Amino acid sequence: MEHFGEGVPSLIPQLAKELRTALEGQLAPLGITTQQGAVLMRVALGERSPNQLAHLVGTDTAGMTRLIDRLAAKGLVARVRHPEDRRSVLIEPTEAGLALLPSVFPIFGGVGGRLLAGFSADERDQASALLRRMLDNLVTHSAEGDVQGAWPGE
């Protein structure tokens, strides 16, 4: 029987903290946070919807508004009117934002490489599948209400 403090429930927050620390340390000289870097990369890759960006970087609508405000204040992104829906906006990278990307992408790639060092391609695929399943479980159970019981196996 797995108890809180052992195994996956304890390791995920520790992993998230270490991952964030590693990224923040390398992104700080660029003047951006991990979430700001993630948004900037997603925008450069073509994702322009604030709602979809919020989902992709793991924040809510208010958090995304703050992230976009901070990136806009730094001159890295701009809000533009959606060409098909005047009530909504899209996020565009600015020239300064695009100029920063050749430094941002390798930081995320390097930290990701350190995270998965020594894993085979199959192990990487398996880890991704397991994490996706955990995320789906939380989203599904959140939509259905809390699940009875503690950890699986209890």
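If you're wondering where the values come from, they're calculated on a predicted model, not measured in any experiment.

Reading the values: the criteria
- Within any chain, residue numbers begin from 1 and follow the written order of that chain's sequence.
- This being a predicted model, a pLDDT of at least 70 is required before a residue's local features are given, and a value of 80 or more before pairs of side-chain atoms are given or counted; all residues contribute to the totals for chains, interfaces and linings.
- Hydrogens are left out, water is left out, and the side-chain values use all remaining heavy atoms of the structure.
- Numbering of helices and strands runs from the N terminus; a helix is a DSSP stretch of H or I covering at least four residues, while a strand is a stretch of E covering at least two.
- Under the scheme applied here, a residue whose accessible area is under 20% of the maximum for its type counts as buried, over 50% as exposed, and between as partly exposed, the area being computed with a 1.4 Å probe on protein chains only.
- Areas reported as accessible are Shrake-Rupley estimates using a 1.4 Å probe. Residue values count occlusion only from the protein chains shown.
- What makes a nonpolar core is a set of buried Ala, Val, Leu, Ile, Met, Phe, Trp, Tyr and Cys residues whose side-chain atoms join them at distances within 4.5 Å.
- Any two residues whose heavy atoms approach within 4.5 Å at even a single point are treated as in contact.
- Think of each axis as a best-fit line through the C-alpha atoms, taken over the contacting stretch in the case of a helix, with angles from 0 to 180 degrees between the N-to-C directions.
- By the definition adopted for this analysis, an angle is roughly parallel if under 35 degrees, roughly antiparallel if over 145, roughly perpendicular if from 65 to 115, and oblique otherwise.
- Every helix has an expected span of 1.5 Å times one less than the residues it contains.
- Directions from the helix axis toward the C-beta atoms define the arc.
- How sure the predictor is of each residue is captured by pLDDT, a score from 0 to 100.
- Excluding any residue in a salt bridge, patches collect residues exceeding 30% relative accessible area, merging like charges within 9 Å and nonpolar Val, Leu, Ile, Met, Phe, Trp and Tyr side chains within 5 Å.
- Only one rule defines a salt bridge in this text: a Lys or Arg side-chain nitrogen within 4 Å of an Asp or Glu carboxyl oxygen.
- Left-handed describes a crossing whose near helix is turned anticlockwise from the far helix by less than a right angle; the clockwise case is right-handed.
- Throughout this entry, Asp, Glu, Lys and Arg are counted as charged residues, while Ala, Val, Leu, Ile, Met, Phe, Trp, Tyr, Cys and Pro are counted as nonpolar. The remaining residues, Gly among them, count as polar.

So, about the overall build of the chain. Looking only at helices and strands, the chain has six helices and two strands in total. Ordered by position in the sequence, the α and β elements of the chain form the string α-α-α-α-β-β-α-α. Buried positions account for 23% of the 154 residues belonging to the chain. Split by element, the accessible area of the chain, about 10300 Å² in all, is 56% carbon and sulfur.

The next point concerns the nonpolar core. Grouped together as the largest cluster of nonpolar side chains are 25 residues, with contacts concentrated most on Leu27, Val39, Met64, Val104 and Phe108. Broken down by secondary-structure element, the contributors of at least two residues to this core are helix 1 (8-27), helix 2 (34-44), helix 3 (50-57), helix 4 (61-73) and helix 5 (95-115). Top contributing element to this core by residue count: helix 5, with six residues. Other than its neighbours up to four places away in sequence, Phe108 contacts Leu23, Leu27, Thr34, Gly37, Ala38 and Met41.

What follows concerns the packing of helix 2 against helix 4. Contact geometry of helix 2 with helix 4 gives a least axis separation of 10 Å together with a crossing angle of 80 degrees. Classified by the angle their axes make, helix 2 and helix 4 are roughly perpendicular. Every residue of helix 4 that contacts helix 2 at Gln35, Gln36 and Val39 is listed here: Met64, Leu67, Arg70 and Leu71.

The terminal C-alpha atoms of helix 4 lie 18 Å apart, and with 13 residues this matches the ideal 18 Å at 1.5 Å per residue to within 8%. The set of residues buried in helix 4 consists of Gly63, Met64, Leu67, Ile68 and Leu71. Down the axis, helix 4 shows its buried residues gathered within 135 degrees of arc, on one side only. If you follow the buried residues of helix 4, they end up packed against helix 2, helix 3, strand 1 (77-81) and strand 2 (89-93). Gly75 lies just past helix 4 and shows a positive phi near 75 degrees.

Time to look at the confidence of the model for the chain. Across the chain, the average pLDDT comes to 88, with 88% of residues at or above 70. Within the chain, no element has a lower average pLDDT than helix 6 (residues 121-144), which sits at 86, and none a higher one than helix 5, at 96.

A grouping of Val8, Ile12 and Leu131 is seen on the molecular surface, where their side chains present a nonpolar patch of about 240 Å² in accessible area. For Ile12, the position within the fold is in helix 1.

This brings us to the packing of helix 2 against helix 3. For the pair helix 2 and helix 3, interaxial distance at closest approach is 10 Å and the crossing angle is 130 degrees. With respect to their mutual orientation, helix 2 and helix 3 come out oblique. In terms of crossing hand, the pair formed by helix 2 and helix 3 is right-handed. Residues Gln35, Ala38, Val39, Arg42 and Val43 of helix 2 form the contact with helix 3, whose participating residues are Leu53, Leu56 and Val57. Split into classes, the residues belonging to the contact of helix 2 with helix 3 amount to six nonpolar, one polar and one charged.

Attention shifts here to the pattern of salt bridges. For the coordinates displayed, the defined rule picks out five salt bridges. Two residues, Arg87 and Asp85, come together in a salt bridge whose shortest N-O distance is 3.1 Å. The exposed category is assigned to Arg87, whose relative accessible area is 75%. Arg132 is the partner of Asp136 in a salt bridge, and the nearest nitrogen-oxygen pair spans 4.0 Å. Placement of both Asp136 and Arg132 in helix 6 is noted, with a separation of four residues, approximately one turn of the helix.

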